[in-house]
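An overview of the molecular structure
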Amino acid sequence: MSNSSNLSYGKAIYEGIYQSMLNNPNVFIFGQGVDDYKGHYGTTLNLHKIFGKERAFDTPISEDSLTGIAIGSSLAGMRPIFVHQRMDFLMLCMNQLVNMASKICYISNGHQNVPIVIRASIGRSWGQGAQHSQSLYSFFAHIPGLKVIAPTTPFDVKGGIIASINDNNPVIFVEHRMLYENKGLVPKERYEISLSSARVTKKGSDLTLIGISYTVVDCLRASEILKDKKIDVEIIDLICISSLDIKTIIKSAKKTKKIIIVDNDWLYCGLASEITTQITERLKFKIPIERMGYKFSPCPTTRNLEDNFYPSANVIAKKVYEMVTNKKDWIPRKIINREILEFKGPF
Amino acid sequence: MPKEKFNFIEAYYRYKKIRRTEEKITEVYHTDKIKSPVHLSIGQESIAVGCSMASSKKEIIFSNYRGHAHFIAHGGDYKAFWSELYGKRNGLSSGKAGSMHLGDLNINFMFTSAIVASSIPNAVGYALAQKIKNFSNVVLCYHGDGAMDQGVFWESINFASLKQLPILFICENNEYAIYSHLKKRMYKSNIVERVRSFGLKAKKIKNDTFTIFEETKKILNKIRKNSIPHFIEIPTSRLKDHVGIENSPNMKKNDSRLVEDKELLFLRSKVKDFKKIDKKIESEIDTAIDYAEKSKYPKQNEILKNVFSDI
């Protein structure tokens, strides 16, 4: 019998949560729709039947207090997971996350700590529009005392959710809705990934693409198109936002000497700016660094504009070609993001 | 319990210790040894004393930035309290907290918040954990009338009621949010009635130490037995400014309560040897301040410690 199974990202999250709840009776999960028949992309499906309604339950639409309730329960030794169908709803939790969760360990000088996991879905497609698609992870990473991670692969999302649950600090766990159906090999055992390590997804020599969450998929597709021009890119999946794995980035930068950061967010005062700064602070020589990300507008709903709002594999490939060759004479072939075309909700 | 059996000695001790501590802070404040805002409890002592005397050691206490009275009444580490005010290494949190964030886990006193109402859902979450784990500890959540202006208060009591959690909300209604009177903040000041409509057992209690003690004791027993969330409103007066050591401008000019607190005089009248208690309190204060004065400040490398828990 194999020790791994081919699981979707959503199933991998489920398995990580299921195994954590089985392993530790202090783990419990709640949020809107946790016990409904869809179980938030299957990630919470039937947990209430397995572990009882005390440990997996639906809630009022009270994000502010429920964040505080998660924090309070963690002070009593519990390890709560609070599920949000959309990152945008976390704006209603900001006081508890920024003023309470991130501060309690410090102001108590370590006498208290807040082991909570806040799951939040982000991402594009199917007219999510201005208030249902935002990433906003940079907000949280700005705050000392909060951990922020955004895994891309089924392997990392399972190891990541388990590591987040086991971590003794508040973790914002960012899931992209275009990834839930992506499949990959996932070990059957309960395992953790590091909450401060990036992953080199693809080795290459001509240029380094740094992606986060779904933009890693865009980068991989861009690398396929770039084979047409025999350009070989290295791809780094950042995974951890609050604890940047700058060592891995610098190692790659020294090798390829060209970097494009493809953020899954706006660029202004954002993650890509932070990465750029840290690279320039550490490298003794100057290399070209470019940033790509959302257009600096709210996300438009209509597909026609939405496609322009996000950096696509096609646009990334073109940018890479220009940086590597110093030429602008190539129009890359279009690649269709099947999951975006096929996605019809619900969230 | 008949009133004669009430432990007036202990009540007087706690009440007077809070009052004298707060007065001492006003005395030393000009030296700027406490380099931080203080939110004093003078005038509100009876609530902390009555509720703390009704509590067992198992109760979990959630207070707020006006927490000196609660902290002292519930028996928090007094020397560490003063060291914390002085920003010293052997304070409750090595000086990282100060007056607004007092805490002492030895008495289940959770570190407090300086954001109005923000600890209230934390208290509810703690109570939820008690329910999930089948523990019988009751959570006490002290807050002011100002906290009831916040949406999170109403979200929190809704959830406490929905899950029938073992929690007692104690509303110290001093009528003011800084200088804004209740009537400027609420269309109707029928606090108890509104809370009751959420399904909590709610009651307004007369402000005297014994009544508060007696009612709270009864309610705590009920909560332990049935896990039904309760709410009490106790009218009170904050005699000092919202923050700082000045007298409250909300008081009438010739208000005598600062010099002749009727409740304190009443408790004293029940204690034969009150002078001995007074002496004990003064000695405790002097010892604690001396301890704080002589203590060292945290080392510079402390600054980055405990940003994250590394337990």
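Remember, predicted model here, so these are calculated numbers, not experimental data. (Residues numbered from 1 in each chain as written. Chains lettered and ligands numbered in written order. Predicted model: local features only at pLDDT ≥ 70, side-chain atom pairs only at ≥ 80, totals over all residues. Heavy atoms only, no water.)

1. Here's the deal with the domain arrangement of chain A
By a widespread convention, an interface's size corresponds to the accessible area lost as its parts come together. All names here are of chain A. Each assigned domain of chain A is listed here: domain 1 (4–187) and domain 2 (199–342). The distance between the C-alpha centroids of domain 1 and domain 2 comes to 27 Å. Counting from both sides, the interface comprises 29 residues of domain 1 and, opposite them, 30 residues of domain 2. When domain 1 packs against domain 2, the two sides together hide about 2400 Å² of surface, and 54% of this comes from carbon and sulfur. Scanning the region where domain 1 abuts domain 2 turns up 2 salt bridges. Note that Arg199 and Asp156 form a salt bridge whose closest N and O atoms lie 2.6 Å from each other. (Domains from an automatic or database assignment. Contact = heavy atoms within 4.5 Å. Buried area = accessible area lost by both parts, 1.4 Å probe. Salt bridge = Lys/Arg side-chain N within 4 Å of Asp/Glu carboxyl O.)

2. A look at helix α1 (residues 9–23) of chain A
For α1 of chain A, which comprises 15 residues, the first-to-last C-alpha distance of 21 Å matches the rise-based estimate of 21 Å (1.5 Å per residue) to within 8%. Counting buried residues along α1 of chain A, 11 of its 15 residues qualify, which places the element largely inside the surrounding structure. (Helix = DSSP H or I, 4+ residues; strand = E, 2+ residues; numbered from the N terminus. Expected span 1.5 Å × (residues − 1). Buried < 20%, exposed > 50% of the residue type's maximum accessible area, 1.4 Å probe, protein only.)

3. Topic: helix α5 (residues 119–132) of chain B
A rise of 1.5 Å per residue sets the reference length of α5 of chain B, with its 14 residues, at 20 Å; its end C-alpha atoms lie 20 Å apart and thus fit the reference within 8%. Once α5 of chain B finishes, Asn134 of chain B follows within two positions and takes phi at roughly 60°, a positive value.

4. Remarks on the state of the cysteines
Going through the model one piece at a time under the given rule, you end up with 0 disulfides over all chains. Of all cysteine sulfurs in the structure, the one in Cys240 of chain A sits closest to Cys105 of chain A, which takes part in no disulfide; the separation is 19 Å. The buried category is assigned to Cys105 of chain A, whose relative accessible area is 4%. There is no disulfide at Cys51 of chain B, and the cysteine sulfur nearest it, in Cys171 of chain B, is 11 Å away. A relative accessible area of 0% means that Cys51 of chain B is categorised as buried. (Disulfide = S-S within 2.5 Å.)

5. Quick look at the pattern of salt bridges
Taken as a whole, this structure holds 32 salt bridges over all chains when the rule is applied. Salt-bridge contacts for Lys147 of chain A lead to Asp167 of chain A; the nearest nitrogen and oxygen are separated by 2.9 Å. Here Lys147 of chain A, found in strand β6 (residues 147–149), pairs with Asp167 of chain A, found in the loop between α8 (154–166) and β7 (171–176); they are 20 residues apart in sequence, far enough to count as distant. Given a relative accessible area of 13%, Asp167 of chain A falls into the buried group. The closest approach of N and O atoms between Lys33 of chain B and Glu293 of chain B, which form a salt bridge, is 3.1 Å. Within this pair, whereas Lys33 of chain B is found in the loop between α1 (8–28) and α2 (45–54), its partner Glu293 of chain B is found in helix α11 (residues 274–294), the two being separated by 260 residues in sequence.

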